[in-house]
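# Architecture at a glance
The residues making up each chain are set out below.
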Amino acid sequence: MSKSVRWDETRASEIIGAHASLDGAALPVLHALREEFGFIPDDAIPLVASALNLSRAEVHGVLTFYHDFRRAPPGRHILKLCRAEACQAMNAPILSRDLLAKLGIDWGETTPDGALTVEGAYCLGLCMCSPSGLYDGEPIGRLDAAKLEALIQEARRS
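Residues numbered from 1 in each chain as written. Predicted model: local features only at pLDDT ≥ 70, side-chain atom pairs only at ≥ 80, totals over all residues. Heavy atoms only, no water.

## Looking at the packing of helix H1 (residues 9-19) against helix H2 (residues 26-37)
Put simply, H1 and H2 touch, their axes get as near as 9 Å, and they point 145° apart. The crossing of H1 and H2 is right-handed. Across the interface between the two elements, Arg 11, Ala 12, Ile 15, Ile 16 and His 19 from H1 touch Pro 28, Val 29, Ala 32, Leu 33, Glu 36 and Phe 37 from H2. (Axes fitted to C-alpha atoms, helices over the stretch in contact; angles between N-to-C directions. Helix = DSSP H or I, 4+ residues; strand = E, 2+ residues; numbered from the N terminus. Left-handed = near helix turned anticlockwise from the far one by under 90°. Contact = heavy atoms within 4.5 Å.)

## Brief notes about the packing of aromatic side chains
For any pair of aromatic rings, the description rests on two quantities: the centre-to-centre distance and the angle between the ring planes. Per the counting criterion, the structure on display carries three aromatic pairs. Consider the rings of Trp 7 and Phe 37, whose centres lie 4.9 Å apart with planes at 55°: the pair is tilted. Here Trp 7 is found in the segment before H1, whereas its partner Phe 37 is found in helix H2, with 30 residues between them in sequence. Each member of the aromatic cluster is reached from another via a ring pair, and the members are Phe 65, Tyr 66 and Phe 69. (Phe/Tyr/Trp six-rings, centres within 6.5 Å; stacked < 30°, edge-to-face > 60°.)

## Overview of the side chain of Ser 132
Counting through the fold element by element, Ser 132 comes out in the loop between strand E2 (116-121) and strand E3 (133-135). Judged by relative accessible area, Ser 132 falls into the buried class, the value being 2%. When neighbours within four sequence positions are excluded, Ser 132 is seen to be in contact with Lys 80, Leu 81, Cys 82, Cys 87, Leu 124, Leu 126, Ile 140, Gly 141 and Leu 143. (Buried < 20%, exposed > 50% of the residue type's maximum accessible area, 1.4 Å probe, protein only.)

## Some points on the sheet that holds strand E4 (residues 138-140)
What links the strands of a sheet is backbone hydrogen bonding, and the strands pair in either a parallel or an antiparallel sense. With respect to topology, four strands assemble into an open sheet ordered E2-E1-E3-E4, the strand pairing being mixed. The strands lining the two open edges of the sheet, one partner per strand, are E2 and E4. The average angle at which neighbouring strand axes cross in this sheet is 25°, direction not considered. Here strand E1 (residues 77-82) runs beside E2; their pairing, made up of six bridges, is parallel. Paired with Cys 82 across the strands is Ala 121, a residue of E2. Packing against the sheet, helix H7 (residues 145-157) makes contact with E1, E2, E3 and E4, and its axis sits at approximately 160° to E1. (Pairing = 2+ DSSP bridges.)

## Some thoughts on the pattern of salt bridges
Using the criterion set out here, one finds nine salt bridges in the structure. With a shortest N-O distance of 3.2 Å, Arg 11 and Glu 14 are connected by a salt bridge. Taken together, the positions of Arg 11 and Glu 14, both in helix H1 and three residues apart, correspond to about one turn of that helix. For Glu 14, a relative accessible area of 46% corresponds to the partly exposed category. Residues Lys 80 and Glu 119 are paired through a salt bridge, measuring 3.8 Å at the closest nitrogen-oxygen approach. Remark: Glu 119 occurs in strand E2 and Lys 80 occurs in strand E1; sequence separation between them is 39 residues. With relative accessibility at 19%, the residue Lys 80 sits in the buried group. Where salt bridges share partners, they join Asp 68, Arg 70, Lys 80 and Glu 119 into one cluster. (Salt bridge = Lys/Arg side-chain N within 4 Å of Asp/Glu carboxyl O.)

## Brief notes about the environment of Glu 154
Here Glu 154 lies in helix H7. Residues within four places of Glu 154 in sequence aside, it is in contact with His 77 and Tyr 135.

## Thoughts on unusual backbone geometry
Here the residue pair Ser 130 and Pro 131 is connected by a cis peptide bond, since its omega of 0° sits within 30 degrees of zero. By the element assignment, Pro 131 lies in the loop between E2 and E3. A positive phi angle is found at Cys 123, which is not glycine, with a value near 75°. Within the secondary structure, Cys 123 is located in the loop between E2 and E3. Cys 123 gets classed as partly exposed once you look at its relative accessible area, which sits at 44%.

Encoded structure:
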């Protein structure tokens, strides 16, 4: 399950301060914020920029470059589907397209009930078991429509 707590500027400032003295602190700070809150809201950008003596544009650039930094709270569960070549060769694009259409969302979005966020990943190292994914960080190989349906149902139950 994903961790997501309400954004708290005071707590965020504490986290930023705890990591600000590290060399190349932007990534450790952003990772720590994501770990605490489950996402990094736009309100964090000026805090990080000020603490690290960076421009807001530099922080925004780092935040938007890396796929693991989400800008909105995730769903209760996160499904990452591999979009790399081996999985593409094993029908992952069709499975993904059908899943997203069924859920009525696009990549990186969360279902309206807040149960599931679907994200793309680029090679999970499970090429022998493609198409593959991660459900709440647990690897799943040989995905098919039935396995995806079971994951949807599980996400909605909890």
